[in-house]
Amino acid sequence: MSPAINKMAPRKKIAIMTSGGDSPGMNAVVRACVRMAIHMGCDAYCVYEGYEGLVRGGDLIKKMDWFDVRGWLSEGGTLIGTARCMAFYERAGRLTAAKNLILSGIDALIICGGDGSLTGADRFRAEWPSLLEELVSTGELTAEQIHSYKHLNIVGIVGSIDNDLSGTDATVGCYSALARICMCVDMIEATASSHSRAFVVEVMGRHCGWLALMAGVATGADFIFIPEKPREDNWREEMCGVVQEHRKRGKRKTIVIIAEGALDKFGNKITPEQVRDLLADKNGLALDTRITTLGHVQRGGTAVAYDRMLATLQGVEAVKAVLEATPETKTCFIAITENKIVRKPLMEAVLDTKQVAKAIESQDFDGAIGLRDAEFGEQYKSFIMTTAGQIDHEKMLPVKERMKIGFINVGAPAGGMNAAVRAGVSYCLSRGHEPIAIHNGFAGFARHHADTPSSVRPFDWLEVDGWASKGGSEIGTNRELPSESGMETIANLIEQYQFDALFLIGGFEAFHAVAEMRKARDQYPSLCIPMALLPATISNNVPGTEYSLGSDTCLNELVDYCDKIKQSASATRRRVFVIETQGGRSGYIATLAGLGVGASAVYLPEEGLSLEMLSEDVRHLKEVFAQDKGQSRAGRLILINEKASNVYSAKLIADILRDEAHGRFESREGIPGHMQQGGVPSGMDRCRAVRLAIKCIQQLEKYGRNVHNRVKMDPLSTSVIGIKGASVVFTPVQKLEEEETDWPNRRPKAAHWLSMKEIVDILGGRPRHTLPEPDLTGVKAKDVKRGLEPVN
């Protein structure tokens, strides 16, 4: 680039600020924006104390260096602060803010905050030309000073624990808040059960019931109150009826979750005290009842893995969006729909959000639910089906349409398996179906069905109802395939127990099992029953979906482990830890964990690992530590998937790094092992387990009983439910096994998450590296070794 062009095109300056209520993950947004802006050749600035910083200027608008945001991923709250600013509500305050930005050379702004903060930003952008005109006319600035800053580009990222902005499935911080609530309710359940008490738990959500709804789904609460969907005319009778029915069935605890903005159908506020008094009424249920208000504990703490991932990806996209924006571009915000990061018009989402409040005020509650994202409405229906569904006998199917459905877990345990079983069983019972547990996978089915007790037996609902928060697999699980157990045996047992359908939960082994049974249908007619697979594996390697139950729980455990290890590495300053992750031949867990902990390098099976790569990374680490002038948080992490290399293990890499460092830094290995399968499932895994399990049973329900010929002809009769892009879809197993499966490596042919690896490298500061050469196989490998073909 010539010097003349350089003068005409000065470095773009991008400012990042946080505003409104703090939420976990805001620091990850700032880190991603700062580092991505620098990577894109821009100058990055942080505006401290939100809009107050814009108005006051000076030291509150600070240029940021790459290392200024080191270690921010694991910090809670917002390290650049947020404050209420009454001055910004007035034009005079916005004039001062505009002047401060011009004097700093900034005309691009990324704001992370709630809908109020983002609405203020859009107004600021709309007024920008008139503000500059006024600043020139009053002599505050000259025409020359404003010449290069005629337009202000703004991009929003929604940081809110309430998840209250329409148009996005999740806001930065909402899943961290949900995790806090689930943890607290799980603890409360233990004492509630001990004393046979009732607890009314109040959670945040003045205008949005997302936290209360998801917490109710995730914890298996008895009743919830949310602003968007008040109960029918007499909520008192309805709640008492549900609680009384649950108590009759033997439940020792009662959990009611209420959003702080809960209303009845007529717009009157419902308070925790009202609910407590009703449950404790000596002339009614007479339950020993307590109130727990969780308060600001929901905002606190570090961000969970999902919020770190979401914040990082949205921060990167925000920098790209603000650089690509033109004066004609509408102000956008960065959203996520199912699994896809997208840009959406900000004010349309704000108006839709305001429409929710108007719908609630006008008592159009169906409209209010409809204005939330698709998942909100589905999760509400899921909650009703899994708690009050069995009491509503109108949902029962005619006897001739009721099915006998076998539930079987296949593969390794994964967080959310029990929540899925609980939801599926509850839905079956609400419809009159007969859910049957097949314990310990196909091995248990084949070898222990005749035992006492049998491995094939009905569910005990009282026991199943307590499974929402349990990790592992309460009905057991096993990796054995039907062909290994004996396909004829399995087919005969399906006929013997008269199963009308199979609901499978598991990983790649479960997918392989369904594929085997589908192919064996011609030989064994009893296998001509509908089968639905809900992917559940920490490896997230099942074809047909971008998300598997258990992967979020695994990431939380792994990120938590890495945070502790990084703290140790930072305390000794110049130390690198090489962490081995699970995941089989799928690098999903390693990549997303790398995104969540700020890894210096991630080694994957999809890319491979070579001595040249290691050499380049050693050289980079030497340079990084050479620049370290005593700053804190200087520890480094390298993540390696367990199957990334047949030669280079975590220990060997750590030894190589230690030897090649020649005393310049230390190196250690860490292997978290099976702790990655997690203990208590995450809130996300629990909620998605409920939603997807119910969809699977509904898919099986479409076929009904005795439909062998129809099942044999319909590819969707063996299907995998999955999240693909912005949709939840069922995909035929035959299509997946023939077109989308990399069988030798036990993973999908296309890895939707692989593009995130580049972001890990960019934000970790890793230079571009040389990928290993692909392995030669078969005849070509032999010919090259014999010298019959040249080595390419």
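Since this is a predicted model, take the numbers as computed values, not measurements.

Enquirer: Go over the environment of His448, please, and point to the residues and values.
Expert: Locating His448 in the fold gives a position in helix H16 (residues 441–448). Looking at His448, the relative accessible area reads 38%, which means it is partly exposed. C-alpha separation for the pair His448 and Ile438, spaced ten residues apart in sequence, amounts to 9.8 Å. Once residues lying within four places of it in the same chain are set aside, the contact partners of His448 are Ala443, Ser454 and Ser455. A polar atom in the side chain of His448 sits 2.7 Å from the side chain of Asp451.

Enquirer: How would you sum up the packing of helix H2 (residues 26–39) against helix H28 (residues 755–764)? Please name residues and give values.
Expert: Running from N to C, H2 and H28 point in directions that differ by 85°, and their axes come no closer than 9 Å. Classed by the angle they form, the pair H2 and H28 counts as roughly perpendicular. Together, Arg31, Ala32, Arg35, Met36 and His39 of H2 and Ile762, Leu763 and Gly764 of H28 make up the contact between the two elements.

Enquirer: Go over helix H7 (residues 174–195), please, and point to the residues and values.
Expert: With 22 residues, H7 extends 32 Å from end C-alpha to end C-alpha; this agrees with the ideal 32 Å at 1.5 Å per step. Among the residues trailing H7, Ser196 stands out with phi positive, at a value near 55°.

Enquirer: Can you explain the packing of aromatic side chains? Please cite residues and give values.
Expert: The relative placement of two aromatic rings is captured by the distance of their centres and the angle of their planes. Taken as a whole, this structure holds 18 aromatic pairs when the rule is applied. Ring plane angle 90° and centroid distance 5.2 Å describe the contact between Phe225 and Trp235, whose orientation is recorded as edge-to-face. Residue Phe225 is found in strand S7 (residues 223–225), and its partner Trp235 is found in helix H9 (residues 235–248); the two are separated by ten residues along the sequence. The same class applies to Phe225 and to Trp235, which are both buried. A ring pair is formed by Phe508 and Trp743, whose centres lie 5.5 Å apart and whose planes are at 75°; its orientation type is edge-to-face. Here Trp743 lies in the loop between strand S23 (741–742) and strand S24 (747–748) and Phe508 lies in helix H20 (residues 508–519), a separation of 235 residues in the sequence. On the basis of relative accessibility, which here comes to 2%, the residue Phe508 falls in the buried class.

Enquirer: An account of the state of the cysteines is needed here, citing residue identities and associated values.
Expert: If you walk through the whole model with that rule in mind, you get zero disulfides. The closest cysteine sulfur to the non-disulfide-bonded Cys33 is located on Cys112, 8.1 Å from its own sulfur. Looking at Cys554, it has no disulfide partner, and the nearest cysteine sulfur is the one in Cys562, 10 Å off. Judged by relative accessible area, Cys554 falls into the buried class, the value being 0%.

Enquirer: With reference to specific residues and values, describe the sheet that holds strand S21 (residues 718–724).
Expert: Judged by pairing direction, the sheet is mixed, and its seven strands sit side by side in the order S14-S13-S12-S15-S16-S21-S22 without closing on themselves. At either end of the open sheet lies a strand with only one pairing partner, and these are strand S14 (456–458) and strand S22 (727–732). In this sheet, neighbouring strand axes are inclined to one another by 25° on average, regardless of whether the strands run parallel or antiparallel. Relative to strand S16 (residues 531–535), strand S15 (residues 501–506) is paired through five bridges, and the arrangement is parallel. Note that in S16 the partner of Gly506 across the bridge is Pro535. Along the sheet face, helix H25 (residues 683–701) touches strand S12 (404–410), S15, S16, S21 and S22 and points at about 170° away from the line of S16.

Enquirer: Tell me what's going on with the pattern of salt bridges, and back it up with residues and numbers.
Expert: When charged atoms on two side chains of opposite charge get close, those side chains can pair. Summed over the entire model, instances satisfying the criterion amount to 47 salt bridges. Across the pair Glu324 and Arg343 runs a salt bridge whose closest N-O atoms are separated by 2.8 Å. Remark: Arg343 occurs in strand S11 (residues 340–345) and Glu324 occurs in helix H11 (residues 305–324); sequence separation between them is 19 residues. The structure contains a network of salt bridges with shared partners spanning Arg91, Arg94, Arg123, Glu127 and Glu134.

Enquirer: Residues and numbers for unusual backbone geometry, please.
Expert: Backbone torsion omega between Thr452 and Pro453 reads 0°, so that peptide bond is classified as cis. Mapped onto the secondary structure, Pro453 falls in the loop between H16 and S14. The phi dihedral of Asn440 falls on the positive side, at around 60°, and the residue is not glycine. For Asn440, the location among the structural elements is in the loop between strand S13 (434–438) and H16.

Enquirer: Could you give an account of the sheet that holds strand S8 (residues 254–259), naming the residues involved and the relevant values?
Expert: Sheet strands associate in pairs through backbone hydrogen bonding, adopting either a parallel or an antiparallel arrangement. Taken in spatial order, the four strands make up an open sheet running S7-S8-S6-S9, and their pairing is parallel. Whereas interior strands pair on both sides, the edge strands pair on one side only; in this sheet they are S7 and strand S9 (289–293). On average, adjacent strands in this sheet sit at an angle of 15° to one another, irrespective of strand direction. Note: S7 against S8, three bridges, orientation parallel. When the sheet's bridge partners are listed, Phe223 is paired in S8 with Val256. Sheet contacts for H9: strand S6 (198–203), S7 and S8; angle to S7, the most-contacted strand, approximately 155°.

Enquirer: Summarise the pairing of S16; cite the residues concerned and give the values.
Expert: Counting buried positions along S16 yields five of five residues, so the element is predominantly enclosed. Along S16, one buried face is formed by Met531, Leu533 and Pro535 and the opposite face, lined by Ala532 and Leu534, is buried too. Crossover connection from S15 via H20 to parallel S16: handedness right-handed. Summarising the sheet, S16 and S21 pair through three bridges and their orientation is parallel. Across the sheet, residue Leu533 finds its bridge partner in S21, namely Val720.

Enquirer: Which residues make up the nonpolar core, and what are the values?
Expert: Counting 147 residues, the largest nonpolar core has Ile257, Phe503 and Leu534 as its most contacted members. When residues of this core are assigned to their parent elements, the largest contribution, eleven residues, is made by H11. Counting 36 residues, the second largest nonpolar core, distinct from the first, contains Tyr45, Ala98, Ala121 and Ile146.

Enquirer: So, H2: which residues are in play, and what are the values?
Expert: The end-to-end C-alpha distance of H2, which contains 14 residues, comes to 20 Å, matching closely the 20 Å that a straight helix rising 1.5 Å per residue would cover. Along H2, twelve of the 14 residues are buried, which leaves the element largely enclosed by surrounding structure. Looking only at H2, the buried set comprises Met26, Asn27, Ala28, Val29, Val30, Arg31, Ala32, Cys33, Val34, Arg35, Met36 and Ala37. Directly after H2, the chain includes Gly41, whose backbone phi takes a positive value near 85°.

Parameters at a glance
- Residues numbered from 1 in each chain as written.
- Predicted model: local features only at pLDDT ≥ 70, side-chain atom pairs only at ≥ 80, totals over all residues.
- Heavy atoms only, no water.
- Helix = DSSP H or I, 4+ residues; strand = E, 2+ residues; numbered from the N terminus.
- Buried < 20%, exposed > 50% of the residue type's maximum accessible area, 1.4 Å probe, protein only.
- Contact = heavy atoms within 4.5 Å.
- Polar contact = N/O pair within 3.5 Å; in protein donor to acceptor, adjacent residues only side chain to side chain.
- Axes fitted to C-alpha atoms, helices over the stretch in contact; angles between N-to-C directions.
- Parallel < 35°, antiparallel > 145°, perpendicular 65-115°, else oblique.
- Expected span 1.5 Å × (residues − 1).
- Phe/Tyr/Trp six-rings, centres within 6.5 Å; stacked < 30°, edge-to-face > 60°.
- Disulfide = S-S within 2.5 Å.
- Pairing = 2+ DSSP bridges.
- Salt bridge = Lys/Arg side-chain N within 4 Å of Asp/Glu carboxyl O.
- Right-handed = clockwise from strand over helix to strand, strands pointing away.
- Core = buried A, V, L, I, M, F, W, Y, C linked by side-chain atoms within 4.5 Å.

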